[in-house]
Amino acid sequence: MFVVTAYTYYVVYAYDPGVWSKLVAKYMFDLMDKIPKPLLIAGVHKSFGSLRALTDVSFTIEPGRIHGIIGPNGSGKTTLFNCISGIIPPDSGHIYFGDTRISGLRADRIAKAGIRRTFQAGKLAPSLTVLENIMSGNSSQKTRALEREARELLESLGMGEAADRWAADLVWAERQFVQILRAIIGKPTVLLLDEPVSGMDAGETELVVKLIGKINAMGITVAVVSHDIKMLMDTAEWVTVLNFGEKIAEGTPSTIRKDPLVMEAYLGTEE
Ligand SMILES: Nc1ncnc2c1ncn2[C@@H]1O[C@H](COP(=O)(O)OP(=O)(O)OP(=O)(O)O)[C@@H](O)[C@H]1O
Ligand SMILES: [Mg+2]
């Protein structure tokens, strides 16, 4: 393989040295994309009219971690994911992925940089099959190899037989799984999961927790927003807490459990 690649580079070089240096640069950039990088959120503000959804939010999602983000309803968790993934730009503040500023970039550029996400509402293309939905998460790979990979991912979840079903026929939990696989097939370095276990029973939740563990073991940083505090505290290594758009605490699950501000924010609202 190496000999073939080296020979191809040599032939291209002999033909056009400019093209060769571009190929080397692309190869180096591809390699650099795979190096784990922190996601730095620095002083992010976002308002909708007079409503402040995020106020001066700063924290770092360290590479390789499972990072939990919790907060009562409307505390800004999804807005934060929307700002990170480029669905909406922050009003001010910055978001860096390694040395690269990603705030303000288009969503497709951010996805290409290695940050993928799932959505709380869990939309799939209903008129495509499960396999086609998963494959739609990667537009840069050849179809045959991609299809094989998508089938393998489904089989690893015991959902192999679902490959050719219409997405419209899936039950809620299956949709959530397919969403995650669609994000994973894009080979991200960071995965943002917005409420991955909402509406799931204990058994389904357990499957998602296992899947998150597997994804993290592949070297992918996972940031998880969830109302299932117990699941999140058992799964995450580090937790950030939002309340009314502000960060009120962060730390290991054991310190967060004892934090008086967090207890106050959740008084009567913990599910
Ligand atoms: N596009 C929008 N336009 C107007 N207001 C919005 C918009 N998106 C979010 N908001 C408001 O911003 C606040 C934060 O919403 P967000 O969805 O980020 O909260 P959340 O923590 O994800 O809540 P939940 O736990 O219910 O999912 C809420 O008051 C919400 O109504
Ligand atoms: Mg939300």
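For every chain, the first residue of the written sequence is number 1, and numbering continues from 1 onward in sequence order. Following the order in which they are written, the chains are lettered starting with A and the ligands numbered starting with 1. Where totals are concerned, whole chains, interfaces and linings use all residues; where local detail is concerned, this predicted model gives features only for residues with pLDDT of at least 70, and gives and counts side-chain atom pairs only at 80 or more.

A. Highlighting the sheet that holds strand S10 (residues 246-251). Here, a strand pair is defined by DSSP locating no fewer than two bridges between the strands. Numbered from the N terminus, helices here are DSSP runs of H or I no shorter than four residues, and strands are runs of E no shorter than two. Spatial ordering of the open sheet is given by S6-S7-S8-S3-S9-S10, a layout of 6 strands whose pairing is mixed. Looking at which strands have only one partner, the edges of the open sheet turn out to be strand S6 (115-117) and S10. Across the sheet, the mean angle from the axis of one strand to that of its neighbour is 20°, orientation sign disregarded. Bridge count for strand S9 (residues 238-243) against S10 is 5 bridges, and the pairing is antiparallel. Within S10, the position partnered with Thr240 by the bridge is Glu250. Whether two residues are in contact is decided by their C-beta atoms, placed from the backbone, lying within 7 Å. Lines fitted to C-alpha atoms define the axes, with helix axes restricted to the stretch in contact, and inter-axis angles between N-to-C directions lie between 0 and 180 degrees. Against the sheet, helix H8 (residues 202-217) engages strand S3 (66-70), strand S7 (190-194) and strand S8 (221-225), with an angle of about 150° to S8.

B. Representation of helix H6 (residues 143-156) within the structure. Here the expected length of a helix is defined as 1.5 Å per residue gap, with one fewer gap than residues. Between the first and last C-alpha of H6 there are 20 Å, a value that for 14 residues agrees with the 20 Å anticipated at 1.5 Å per step. Exposure is read from a count of other C-beta atoms within 10 Å of each residue's own; the residue is exposed at 12 or fewer, buried at 20 or more and partly exposed in between. C-beta atoms are placed from the backbone. Within H6, the full set of buried residues consists of Ala150, Leu153 and Leu154. Looking down the long axis of H6, one finds its buried residues gathered within 95° of arc, a one-sided arrangement. Away from its buried face, by an angle of more than 90 degrees, H6 presents the exposed residues Arg144, Ala145, Arg148, Glu152, Glu155 and Ser156. On the buried face of H6, the contacting elements are helix H5 (130-135) and helix H7 (172-184). One or two steps after H6, the chain reaches Gly158, where phi turns positive at roughly 70°. To obtain the arc, one takes the directions from the helix axis to the C-beta atoms.

The analysis is restricted to geometry; functional conclusions fall outside its scope.
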